[in-house]
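Here's the letter readout for the chains.
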Amino acid sequence: MNEKSAEPTLESLQQTLGVRMDADLLSLALTHRSWAYEHGEAPTNERLEFLGDAVLGIIVTDAIFHDYPEAPEGQLARLRAAVVNSKSLADVARALGIGAHIRLGRGEEVTAGHDKPSILADTLEAIIGAVYVDSGFETARAFVRRLMMDHIAIAAELGAGLDWKSSLQELAAERGLAAPAYDIESEGPPHARLFTATVILDGERFGAGTGTSKKEAEQQAAAQAYAALTTR
């Protein structure tokens, strides 16, 4: 990324994020260690990621504590875990188009690093850390709540397991159906495998889901099957 293209790119990302911050700080938040290694051990986003992880955790914990006053401690812990995890954060990062802005080394570039859940999640945490450093806790709180409240609301509607597979299994049991089974197919090279899962309930095939792991594909398939089953 040259100096001429960096400014408009960072400007467009800040508009998408809906928050202003120092351009150098945002650039650092987008710097993966693979890029830094190829550029003379330049600073990476790992310190900001460390900070952002802590800031994210306290903001989400505070949100669910106050927004769900009747929930017991165990339910709060499961709800937080359902929101503060790599998949959830990666989904948010994808929706914001963060992947296209991450500075990666050549090795990560050729293995689709811009769409790896771990890299996306870590970068989003680094951006949260950067918002906190640049603008303080209240701005960071508003930023995180805007990004994550929909995920919290969705997780709160799920069953005790706070994931779609557990919720689908509970719903199937309520309807007197056999436990869901998952038909898994995969394609692509080992470093970029894509999995497709289809839910089978009492011999009937329901929603399909795709993902870069079997777990992700199964969760997406379970979400579609849950929605289909609840409309019957």
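What you see is a predicted model; the values in this text were computed from it and never measured.

## Some details on the pairing of strand S1 (residues 181-187)
Okay, step 1: Inspection of the sheet shows S1 paired to strand S2 (residues 194-201) by seven bridges, in the antiparallel sense. The residue of S2 that forms the bridge with Tyr-182 is Val-199.

## Focus on the sheet that holds strand S3 (residues 204-211)
Okay, step 1: Reading across the sheet, the three strands line up as S1-S2-S3 and stay open at both edges, with antiparallel pairing between neighbours. Looking at the sheet topology across the chains shown, the edges are occupied by S1 and S3. Neighbour-to-neighbour, the strand axes of the sheet open up by a mean angle of 20°, direction not taken into account.
Okay, step 2: Its contacts with the sheet put helix H11 (residues 214-230) on S1, S2 and S3, and the angle it makes with S3 is roughly 140°.

## Some details on unusual backbone geometry
Okay, step 1: Although it is not a glycine, Ala-112 sits at a positive phi angle of roughly 60°.
Okay, step 2: Structurally, the position occupied by Ala-112 is in the loop between helix H7 (106-110) and helix H8 (117-135).
Okay, step 3: You can call Ala-112 partly exposed: its relative accessible area is 45%.
Okay, step 4: Despite not being glycine, Asp-202 shows a phi value in the positive range, around 50°.
Okay, step 5: Tracing the backbone shows Asp-202 in the loop between S2 and S3.

## A closer look at the packing of helix H4 (residues 46-67) against H8
Okay, step 1: Relative orientation of the contacting elements H4 and H8 amounts to 80°, with a least axis distance of 7 Å. If you check the angle between H4 and H8, you find them roughly perpendicular. Counted together, Leu-48, Glu-49, Leu-51, Gly-52, Asp-53, Val-55 and Leu-56 of H4 and Asp-122, Glu-125, Ala-126, Ile-128, Gly-129, Ala-130, Tyr-132 and Val-133 of H8 form the full contact between these two elements.
Okay, step 2: In the contact of H4 with H8, the residues fall into nine nonpolar, two polar and four charged.

## As for helix H5 (residues 73-83)
Okay, step 1: All of the buried residues in H5 are Leu-76, Leu-79 and Val-83. End-on, the buried residues of H5 take up no more than an arc of 65°, which puts them together on one face.
Okay, step 2: On its buried side, H5 packs onto H4, helix H6 (86-96) and helix H9 (137-157).

## Looking at the packing of aromatic side chains
Okay, step 1: A full pass over the atoms with the stated rule returns one aromatic pair.
Okay, step 2: Sitting above the plane of the Trp-35 ring, Arg-103 keeps its charged end 4.0 Å from the centroid.
Okay, step 3: Here the basic side chain of Lys-165 rests over the ring of Tyr-182, its NZ or CZ set 4.8 Å away from the ring centre.

## Regarding the pairing of S3
Okay, step 1: Of the pairings in the sheet, the one linking S2 to S3 comprises six bridges and is antiparallel in character. Directly across from Phe-195, in S3, lies its bridge partner Gly-211.
Okay, step 2: In this antiparallel pair of consecutive strands, S2 and S3, the connection spans two residues, and Asp-202 shows a positive phi of 50°.

Thresholds applied
Residues numbered from 1 in each chain as written. Predicted model: local features only at pLDDT ≥ 70, side-chain atom pairs only at ≥ 80, totals over all residues. Heavy atoms only, no water. Pairing = 2+ DSSP bridges. Helix = DSSP H or I, 4+ residues; strand = E, 2+ residues; numbered from the N terminus. Axes fitted to C-alpha atoms, helices over the stretch in contact; angles between N-to-C directions. Contact = heavy atoms within 4.5 Å. Buried < 20%, exposed > 50% of the residue type's maximum accessible area, 1.4 Å probe, protein only. Parallel < 35°, antiparallel > 145°, perpendicular 65-115°, else oblique. Nonpolar A, V, L, I, M, F, W, Y, C, P; charged D, E, K, R; others polar. Arc of directions from axis to C-beta. Phe/Tyr/Trp six-rings, centres within 6.5 Å; stacked < 30°, edge-to-face > 60°. Lys NZ or Arg CZ within 6 Å of the ring centre and 35° of its normal.

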